[in-house]
Amino acid sequence: MTETVHIDIVSDVVCPWCFVGKKRFEKALVEIGEDIAVEINWRPFQLDPTIPPGGKDRKQYLAEKFGSMERSNELHRNLANIGAEAGIPFQFDAIEVSPNTLDAHRLIRWAQTAGDGVQGHVVEALFELYFLKGQNISDHSVLIDVAREVGMDAAVIETLLASDADREAITQEIALAQQMGVTGVPCFILENKYAVMGAQDPETIADAIRQVAAEKSGATV
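Quick caveat, the model's predicted, so the values are computed rather than measured.

Asker: Tell me about the environment of Leu161, and name the residues and values.
Answerer: As for its position among the elements, Leu161 is in helix H7 (residues 154-161). Among all residues touching Leu161, those that are not within four sequence positions of it are Asp103, Arg106, Trp110, His140, Leu143 and Ile144.

Asker: Give me the lowdown on the packing of helix H5 (residues 118-131) against helix H6 (residues 140-149), citing residues and values where you can.
Answerer: For the pair H5 and H6, interaxial distance at closest approach is 10 Å and the crossing angle is 135°. When the axes of H5 and H6 are compared, the pair comes out oblique. In this structure, H5 crosses over H6, and the sense of that crossing is right-handed. Between H5 and H6, the contacting residues are Val122, Ala125, Leu126 and Leu129 on the first element and Val142, Leu143 and Val146 on the second. The residue inventory of the contact of H5 with H6, partitioned by class, reads seven nonpolar, no polar and no charged.

Asker: Break down the sheet that holds strand S6 (residues 194-197) for me, citing the residues and quoting the values.
Answerer: Strand order in the open sheet formed by four strands is S2-S1-S5-S6, with mixed pairing between adjacent strands. Here the strands that pair on one side only, and so sit at the sheet edges, are strand S2 (36-44) and S6. Strand-to-strand twist across the sheet, computed as the mean angle between neighbouring axes with direction ignored, equals 25°. Sheet topology note: the strand S1 (residues 3-11)/S2 ladder contains nine bridges and is parallel. Within S2, the position partnered with Ile9 by the bridge is Trp42. Where helix H1 (residues 16-32) meets the sheet, it contacts S1, S2 and strand S5 (187-190), and its direction lies at approximately 170° from that of S2.

Asker: Would you mind going over the pairing of S6 in detail, with residue names and values included?
Answerer: Pairing of S5 with S6 involves four bridges; the strand directions are antiparallel. Bridged to Leu190 within S6 is Tyr194. Turn length for the S5-S6 hairpin, with the two strands adjacent in sequence and antiparallel, is three residues, and the turn residue Glu191 shows positive phi of about 55°.

Asker: Outline the pattern of salt bridges, listing residues and values.
Answerer: Across all of its chains, the model carries 16 salt bridges by this definition. We note a salt bridge from Glu124 to Lys23, for which the minimum N-O separation is 2.9 Å. Within this pair, whereas Glu124 is found in helix H5, its partner Lys23 is found in helix H1, the two being separated by 101 residues in sequence. In this structure Glu124 comes out as buried when scored by relative accessible area, which is 14%. Residue Arg109 pairs with Asp166 through a salt bridge whose shortest N-O separation is 3.6 Å. Of this pair, Arg109 sits in helix H4 (residues 102-111) while Asp166 sits in the loop between H7 and helix H8 (167-179); the two residues are 57 residues apart in sequence, bridging distant segments of the chain. Overall, the relative accessible area of 28% leaves Asp166 in the partly exposed class.

Asker: Run through unusual backbone geometry, naming residues and quoting values.
Answerer: That bond from Val185 to Pro186 is cis: its omega, 5°, falls within 30 degrees of zero. With respect to the secondary-structure elements, Pro186 resides in the loop between H8 and S5. Unusually for a residue other than glycine, Asp166 sits at a positive phi of about 65°. A positive phi is found at Asn192, a non-glycine position, where the angle reads about 60°. Looking at the element boundaries, Asn192 is found in the loop between S5 and S6.

Asker: Kindly report on the side chain of Ser138, identifying the contributing residues and their values.
Answerer: For Ser138, the position within the fold is in the loop between H5 and H6. In this structure Ser138 comes out as buried when scored by relative accessible area, which is 8%. Within polar-contact distance, the side chain of Ser138 engages the side chain of Asn136 at 2.6 Å. Those residues within four positions of Ser138 in sequence are excluded, and the remaining contacts are Pro53, Gly54, Gly55, Pro99, Asn100 and Asp103.

Procedures and definitions
Here, residues in each chain are numbered from 1, in the same order as that chain's written sequence. Predicted model: local features are reported for residues with pLDDT of at least 70 only, side-chain atom pairs are reported and counted for 80 or more only, and whole-chain, interface and lining totals are derived from all residues. To obtain the side-chain values, all non-hydrogen atoms of the structure were included, while hydrogens and water were left out. In DSSP terms, a helix is any run of H or I states spanning at least four residues, a strand is any run of E spanning at least two, and both are numbered starting from the N terminus. The criterion used for residue contact is that any of the two residues' heavy atoms lie within 4.5 Å. Helix axes are fitted to C-alpha atoms over the stretch in contact, other axes to C-alpha atoms as well, and angles between N-to-C directions run from 0 to 180 degrees. What sets the label is the angle itself: under 35 degrees gives roughly parallel, over 145 gives roughly antiparallel, 65 to 115 gives roughly perpendicular, and the rest give oblique. Each helix crossing is assigned a hand: it is left-handed if the near helix lies turned anticlockwise from the far helix by less than a right angle, otherwise right-handed if that turn is clockwise. Ten residue types, Ala, Val, Leu, Ile, Met, Phe, Trp, Tyr, Cys and Pro, are classed as nonpolar, four, Asp, Glu, Lys and Arg, as charged, and the remainder, Gly among them, as polar. Two strands form a pair only when DSSP identifies at least two bridges running between them. Salt bridge, as applied in this entry: a Lys or Arg side-chain nitrogen positioned within 4 Å of an Asp or Glu carboxyl oxygen. When a residue's accessible area, from a 1.4 Å probe over protein chains only, is under 20% of the maximum for its type it is buried; when over 50% it is exposed; and in between it is partly exposed. Here a polar contact is recorded for every N or O atom pair within 3.5 Å, except that within protein the pair must consist of a potential hydrogen donor and a potential acceptor, and residues adjacent in sequence are included only if both atoms are side-chain atoms.

On their own, these measurements won't tell you what the molecule is for.
Below you can see the structure in the form of structure tokens.
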């Protein structure tokens with residue numbers, strides 16, 4: 001009998017390590033094969049909730065965050081090498097706006113009930129738009145286009161984005177994650193009991209999933 005492991009992935013779509021972590025997680029799923037099934041739910045986190053709703057000039061933001069563009073460029077060079085190994089051609093220079101991701105997280109939340117796999121497609125699309133094409137993923141038109149492309153009702157999403165729907169739910173969910181000890185992302189929470197912190201290598205993630213599946217199997221015998 002195939003064991004199912006529930007995995008919550010706490011992530012922010014402007015976090016390059018979260019994008020790397022997603023790719024490594026996908027490789028881990030290939031490693032574990034079909035003996036273990038996984039249920040995935042993407043959970044929100046904001047690296048910087050203080051960014052204005054419309055975003056902030058990218059160069060100004062990075063200079064303030066890291067002290068200088070030289071330091072920022074150095075970090076990005078290192079990340080570009082790591083990304084290349086994971087199959088991500090980061091285009092950091094294409095990013096002009098550092099966005100506030102609250103609305104992106106609202107879209108991800110709504111995608112959870114839009115059909116099997118839709119939430120994962122939304123997350124992937126947002127990562128790609130931001131890190132590969134430099135698009136402003138706080139822009140409602142960008143988010144509506146993503147919704148349309150994955151088969152969600154774009155008109156409904158447009159109405160929801162114009163409202164305050166689920167804003168409070170997102171901030172509460174982030175606060176809960178912080179109370180649980182999540183101080184950085186990505187964080188993979190298995191069966192609400194075990195956490196794999198950071199963009200670990202596929203083997204580490206696969207081993208954690210196998211251990212939890214074995215424990216569940218033993219508990220039900």
